[in-house]
Amino acid sequence: MEIGVREAEAEDWTTISTVIEKAFGKEEGPELVELVAALQKDETAQPLWALVAEAQGGIVGHVLFTSTRLKPEIVGERSAITAPLSVDPKCQRQGIGGRLIAHALEPLRQDGVQLVFVLGGPADYSRNGFVSAGVHGFEAHYPVPETCADA
Ligand SMILES: CC(C)(COP(=O)(O)OP(=O)(O)OC[C@H]1O[C@@H](n2cnc3c(N)ncnc32)[C@H](O)[C@@H]1OP(=O)(O)O)[C@@H](O)C(=O)NCCC(=O)NCCS
C-alpha cells in the first residue's frame, strides 16, 4: 500500500474526526475529537503541527503536536506534546503511525522545538525514539494513567 504524509488542511477536518473516532472507538473517540477541536482553537497550544497519512486516495491517519510549556520556564526552550495519534484500524500495523511521528519531528525541529513529549506507554513509544520523561526529571502537571507510569 502506498502511503503519503502531508500537512493537514482545514478542509480535512471531517475526515480526520472520523479517523480519530474509528481509532479510539465509540467511548473515547468523541472525547478525543472534542479535544483536538479545542486544541486547534486554544491560543496557548499554538503553534501546532498536524499531519495526515493518505492511502488509496483517502486519509487513514492523523497526528497532532501542540506547543507546551515547561515549568520552571527555560529561556529559549521550545517544546511540544503529541495529542493524539490515530490510524484507521483497517490500516494499522503497517508502519503508518511510525511514519506520522517520524515525518512530524523534522518540521518541529526546524521550528526550534527541542523537546517533544508523548503520553503513552514507554514500550510503545521507544521504537519511535522516545525515552521515559522521568529519566530526565520531567513530571506531568496532570495525573498520568497507571499504564503510562514513568512515561
Ligand atoms: C497506536 C496507533 C496510532 C499505531 O498505529 P500503527 O499505524 O498501527 O503503528 P505502526 O504500524 O507504526 O506500529 C504498530 C505496530 O505495527 C508494527 N508494524 C509496523 N509496520 C509493520 C508491518 N509492515 N507489518 C507488520 N507489523 C508492522 C510495529 O512494529 C508495531 O509493532 P508492536 O505493536 O509490536 O510495537 C494505532 O494503533 C491507533 O490509532 N490506536 C488507537 C489510538 C491510540 O491508542 N493512539 C495512541 C495514543 S495517542
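Parameters and conventions
- Residues numbered from 1 in each chain as written.
- Predicted model: local features only at pLDDT ≥ 70, side-chain atom pairs only at ≥ 80, totals over all residues.
- Heavy atoms only, no water.
- Core = buried A, V, L, I, M, F, W, Y, C linked by side-chain atoms within 4.5 Å.
- Buried < 20%, exposed > 50% of the residue type's maximum accessible area, 1.4 Å probe, protein only.
- Helix = DSSP H or I, 4+ residues; strand = E, 2+ residues; numbered from the N terminus.
- Contact = heavy atoms within 4.5 Å.
- Pairing = 2+ DSSP bridges.
- Axes fitted to C-alpha atoms, helices over the stretch in contact; angles between N-to-C directions.

1. Examining the nonpolar core
Okay, step 1: Core analysis: the largest hydrophobic core is formed by 16 residues, its most contacted members being Trp 49, Ala 53, Val 60, Phe 65, Ile 96, Leu 100 and Leu 108.
Okay, step 2: Those elements that place two or more of their residues in this core are β2 (48-55), β3 (58-68), β4 (79-87) and α2 (96-110).
Okay, step 3: Not counting residues within four places of it along the chain, the set of residues in contact with Trp 49 comprises Val 63, Leu 64, Phe 65, Thr 66, Ser 67, Arg 78, Ala 80, Pro 107, Leu 108, Asp 111 and Val 113.
Okay, step 4: By size, the runner-up hydrophobic cluster in this structure holds 13 residues, among which are Ile 16, Val 36, Val 52 and Leu 64.

2. A few points about the environment of Glu 31
Okay, step 1: By the element assignment, Glu 31 lies in helix α1 (residues 13-41).
Okay, step 2: Overall, Glu 31 belongs to the exposed group, its relative accessible area being 57%.
Okay, step 3: With 99 residues separating them in the primary sequence, Glu 31 and Phe 130 have C-alpha atoms 25 Å apart.

3. Focus on the sheet that holds β2
Okay, step 1: Taken together, the five strands give an open sheet; going across it, the order is β1-β2-β3-β4-β5, and neighbouring strands pair in mixed fashion. Unpaired on one side and paired on the other, β1 (3-7) and β5 (115-118) mark the two borders of the sheet. Strand-to-strand twist across the sheet, computed as the mean angle between neighbouring axes with direction ignored, equals 25 degrees.
Okay, step 2: Relative to β3, β2 runs antiparallel, the two being bridged by eight bridges. Paired with Glu 54 across the two strands is Ile 59, which belongs to β3.
Okay, step 3: Against the sheet, α1 contacts β2, β3 and β4, and its axis sits at roughly 145 degrees relative to β4.
Okay, step 4: Each of β1, β2, β3, β4 and β5 is contacted by α2, which is oriented at about 140 degrees to β2, the strand it contacts most.

4. Looking at unusual backbone geometry
Okay, step 1: In the segment running from Gln 46 into Pro 47, the intervening peptide bond is cis, with an omega of -5 degrees.
Okay, step 2: Counting through the fold element by element, Pro 47 comes out in the loop between α1 and β2.
Okay, step 3: For Gln 56, which is not glycine, the phi dihedral falls at a positive 50 degrees.
Okay, step 4: Looking at the secondary structure, you find Gln 56 in the loop between β2 and β3.
Okay, step 5: Overall, Gln 56 belongs to the exposed group, its relative accessible area being 73%.
Okay, step 6: With a phi close to 60 degrees, Arg 93 is a non-glycine residue in the positive phi region.
Okay, step 7: Within the secondary structure layout, Arg 93 lies in the loop between β4 and α2.
Okay, step 8: In this structure Arg 93 comes out as exposed when scored by relative accessible area, which is 86%.

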